[in-house]
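# Secondary and tertiary structure notes
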Amino acid sequence: QFNETVYSDKLSTVSQMAASIAHEIRNPITTVRGFIQFLEKDTMDDKLKQYAPLILQELDRTNMIITNYLRLSKPNDFKMKEINLNKILVDSIDLLKPYGTYQNVSLFYNGSGTHYVLGDEDHLKQSIINVIKNGIEAVSDGSGYVKVSKRSTEDKRKVIIEIEDNGKGMTRDELSKLGLPYFTTKSKGTGLGSMITNRLIFEMDGSIEYVSTPNKGTIVRITLASSVLGIH
Ligand code: ADP
Ligand code: MG
């Protein structure tokens, strides 16, 4: 079992490049998306009908990547406030339910109690989504799961969110590369998700820890400051 707390600031060149190309790429994507949607609606062609949703999905994925890039290039765009964790976690899980079903992975939420943290709502949600998505993608057979849970630390000053999967896990080497730009072991991966997640959590004064065992699974542990109002 390996254990590493990751944050590496190798981002400045990536984010500068991001800002300059992201807008340029978005415009043609929007145009193409519009045309595909238009064709899908009117066509009698079975193949086009069948594949149009996939094309749209991939275009949306491209857009997501660009959105993520843009997020990196604006690290100061944080609105720290009190966040109800239940809502963020349930929203994130709901958003990924279709993807989980599609990949034959069960998503569980064990979120007993109410926890409030200090953070940026959009960025926290993005981080959680990135981590759950990696969990789903790490699990291959039909008995795979991703479990999301949360709890307070004993002194109630912090809240720990755990995202656990029983997927393929990571070797020590993979774990050490996790979070570096473009590190991916997936054929369709971007190798940007973890980098962004780590960055966003760090910007919220939180920490993120990956505990992974090859062929057994991974636990991702995100720790954030509890908001004062949330201490009951
Ligand atoms: P991507 O998902 O596009 O590959 P990420 O930055 O999200 O990029 O992840 C980088 C790599 O880290 C993945 O390709 C995978 O090898 C590894 N990884 C991340 N999360 C997990 C996990 N829960 N289980 C196993 N491997 C993981
Ligand atoms: Mg990922």
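Residues numbered from 1 in each chain as written. Chains lettered and ligands numbered in written order. Predicted model: local features only at pLDDT ≥ 70, side-chain atom pairs only at ≥ 80, totals over all residues.

Our working rule: UniProt positions are given in the numbering used here, feature names are shortened, and annotations may be inferred rather than shown by experiment.
Naming follows an unreviewed UniProt entry, where the protein chain appears as histidine kinase of Litchfieldia salsa. Listed in UniProt under the heading Subcellular location (unreviewed entry), the comment for the protein chain reads: "Cell membrane". Database annotation for the protein chain, UniProt heading Catalytic activity (unreviewed entry): "ATP + protein L-histidine = ADP + protein N-phospho-L-histidine."

### Overview of the site of ligand 1
Test applied: We call a residue near a molecule or strand if the C-beta atom, set from the backbone, is within 6 Å of it. Only runs of H or I of at least four residues qualify as helices and only runs of E of at least two qualify as strands under DSSP, and these elements are numbered from the N terminus. Residue polarity follows a fixed list, in which Ala, Val, Leu, Ile, Met, Phe, Trp, Tyr, Cys and Pro are nonpolar, Asp, Glu, Lys and Arg are charged, and the others, Gly among them, are polar.
Taken together, 22 residues form the shell around ligand 1, and within it Ala138, Thr184, Gly189, Gly193 and Ser194 come nearest. Looking at the shell around ligand 1, the elements that each hand over two or more residues are α4 (121–138) and α6 (193–203). Within the shell around ligand 1, the residues separate by chemical class into six nonpolar, twelve polar and four charged.

### Some words on the packing of helix α3 (residues 85–102) against α4
Note the cut-off: Whenever a helix is involved, its axis is fitted only over the stretch in contact; in every case the axis is a line through C-alpha atoms, and angles between N-to-C directions fall within 0 to 180 degrees. Take the far helix as your reference; a near helix turned counterclockwise from it by less than a right angle gives a left-handed crossing, and one turned clockwise gives a right-handed crossing. Here, residues touch in the contact sense if the C-beta positions derived from the backbone fall within 7 Å of one another.
In the contact formed by α3 and α4, the axes pass within 9 Å of each other and the chain directions differ by 40 degrees. As for the relative orientation of α3 and α4, their crossing is right-handed in sense. Contacts from Ile88, Leu89, Asp91, Ser92, Ile93, Leu95, Leu96, Tyr99 and Gly100 in α3 reach Glu121, Leu124, Lys125, Ile128, Ile129, Ile132, Lys133 and Ile136 in α4. Here the residues of the contact of α3 with α4 are counted per class, giving eleven nonpolar, two polar and four charged.

### Some details on α3
Operational definition: One less than the residue count of a helix, multiplied by 1.5 Å, gives the span that helix is expected to have. Partly exposed residues are those whose C-beta has more than 12 but fewer than 20 other C-beta atoms within 10 Å; with 20 or more the residue is buried, with 12 or fewer it is exposed, and the C-beta atoms are placed from the backbone.
If you check α3, its first and last C-alpha atoms are 26 Å apart, about what 18 residues at 1.5 Å a residue would give, namely 26 Å. Of the positions making up α3, those classed as buried are Leu85, Ile88, Leu89, Ser92, Leu96 and Gly100. After α3 finishes, the residue asparagine 104 shows a positive phi value of roughly 65 degrees.

### Looking at α4
Here α4 is 18 residues long and its end C-alpha atoms lie 26 Å apart, about the 26 Å a rise of 1.5 Å per residue gives. The buried count for α4 comes to 14 of 18 residues, which makes it a mostly enclosed element.

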